[in-house]
Amino acid sequence: MTPSDLVGLIGVIACLVAYAGLQVGRLQHDDLRYLGLNILSPACLLISLMHDFNLAAVITQVLWLGLSFIGLLRAMYARSRKTERLSTKCAENET
């Protein structure tokens, strides 16, 4: 097994763990662990694909990575808004 094969397998495992976690209810779509796995997976697979190029697979992984980053940004924005609302509510309760 080559190092690129190992990195690719890590990507496959990350993808399957994320999917399984979502399906069995252990992870939510906006959970940072889920999003992290969805970023790790295509990143590893892209590294693996640098050594054994496949255009269709590269396009799929680039799009998967981009969509995962969009999900991460949305989740972080939602968390910051929630924190903002909670701190505003706390400040109102103190007065």
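A few words now on the side chain of D31. Mapped onto the secondary structure, D31 falls in the loop between α1 (3-23) and α2 (32-51). Polar contacts involving the side chain of D31 include one to the side chain of R33, which spans 2.7 Å.

This part takes up the pattern of salt bridges. Overall, the coordinates contain 1 salt bridge when judged by the stated rule. In this structure, the salt-bridge partner of R33 is D31, at a minimum N-O distance of 2.7 Å.

End to end, α2 covers 30 Å across 20 residues, agreeing with the expected 28 Å (1.5 Å per residue, within 8%). Every buried residue of α2 is accounted for by Y34, L35, L37, N38, I39, S41, P42, C44, L45, L46, S48 and L49.

Conventions we followed
Residues numbered from 1 in each chain as written. Predicted model: local features only at pLDDT ≥ 70, side-chain atom pairs only at ≥ 80, totals over all residues. Heavy atoms only, no water. Helix = DSSP H or I, 4+ residues; strand = E, 2+ residues; numbered from the N terminus. Polar contact = N/O pair within 3.5 Å; in protein donor to acceptor, adjacent residues only side chain to side chain. Salt bridge = Lys/Arg side-chain N within 4 Å of Asp/Glu carboxyl O. Expected span 1.5 Å × (residues − 1). Buried < 20%, exposed > 50% of the residue type's maximum accessible area, 1.4 Å probe, protein only.

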